[in-house]
Amino acid sequence: ILNQADVTVHIHDLSGRPVRELRPDQQQSAGHLRLSWDGRDGTGNLVPPGISLYRLTMGTDQTKQERTGTVAVAY
């Protein structure tokens with residue numbers, strides 16, 4: 001049996017300031033997950049073009065994993 005996991009993606013600018021938090025509509029089990037980001041911050045404004053950072057957090061009550069990386073924003 002595979003546990004359901006909470007998945008969250010935090011988007012930050014290059015100075016580390018939070019820009020947006022993304023979550024799927026429900027907890028996820030094993031398999032692929034696709035989340036889309038429209039390039040907007042938490043207030044609905046477009047972020048400036050350039051590089052943004054992301055932190056993907058996946059976890060259950062027993063475990064937690066994080067991955068980080070960059071995403072290019074272009075218009």
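Structure: above.
Residues numbered from 1 in each chain as written. Predicted model: local features only at pLDDT ≥ 70, side-chain atom pairs only at ≥ 80, totals over all residues. Heavy atoms only, no water.

Caption draft 1: Spatial organisation of the environment of Leu 22. If you trace the backbone, Leu 22 turns up in strand E2 (residues 18–22). Residue classification places Leu 22 among the buried positions, given a relative accessible area of 9%. Each C-alpha atom, one on Leu 22 and one on Trp 37, is 7.7 Å from the other, the two residues being 15 residues apart in sequence. Excluding anything up to four places from it in sequence, Leu 22 contacts Val 7, Thr 8, Val 9, Leu 35, Ser 36 and Trp 37. (Helix = DSSP H or I, 4+ residues; strand = E, 2+ residues; numbered from the N terminus. Buried < 20%, exposed > 50% of the residue type's maximum accessible area, 1.4 Å probe, protein only. Contact = heavy atoms within 4.5 Å.)

Caption draft 2: Examining the pairing of strand E4 (residues 64–73) more closely. Strand direction decides the pairing type here: strand E3 (residues 50–59) and E4, joined by 10 bridges, are antiparallel. Each bridged residue has a counterpart across the sheet, and for Met 58 the counterpart in E4 is Gln 65. Hairpin connection of E3 to E4: 4 residues between the antiparallel strands. (Pairing = 2+ DSSP bridges.)

Caption draft 3: Quick peek at the side chain of His 10. Locating His 10 in the fold gives a position in strand E1 (residues 6–12). The class for His 10 is buried, based on a relative accessible area of 18%. The contact partners of His 10, leaving out residues within four places of it in the chain, are Arg 20, Glu 21, Leu 53, Tyr 54 and Arg 55.

Caption draft 4: Quick peek at the pattern of salt bridges. Considering all chains together, one arrives at 6 salt bridges under this definition. Between Arg 17 and Asp 13 there is a salt bridge whose closest N-O contact spans 3.0 Å. Three or more residues joined by partner-sharing salt bridges are found here, namely Arg 20, Asp 38 and Arg 40. (Salt bridge = Lys/Arg side-chain N within 4 Å of Asp/Glu carboxyl O.)

Caption draft 5: The pairing of E1, seen in detail. Among the 7 residues in E1, 6 count as buried, and that is most of the element. In terms of strand pairing, E1 meets E2 through 4 bridges, oriented antiparallel. In the sheet register, His 10 faces E2, and the bridge partner there is Glu 21.

Caption draft 6: Quick peek at the nonpolar core. Among the nonpolar cores identified, the biggest contains 6 residues, and these are Val 9, Ile 11, Val 19, Leu 22, Val 47 and Val 73. Contributions of two or more residues to this core are made by E1 and E2. Other than its neighbours up to four places away in sequence, Val 73 contacts Trp 37, Val 47, Pro 48, Pro 49, Gly 50 and Ser 52. (Core = buried A, V, L, I, M, F, W, Y, C linked by side-chain atoms within 4.5 Å.)

Caption draft 7: Up close: the sheet that holds E4. The antiparallel open sheet is built from 4 strands, whose spatial order is E2-E1-E3-E4. On the outer flanks of this sheet lie E2 and E4, each paired with one strand and no other. Averaged over all pairs of adjacent strands, the angle between strand axes in this sheet comes to 20°, irrespective of strand direction. (Axes fitted to C-alpha atoms, helices over the stretch in contact; angles between N-to-C directions.)

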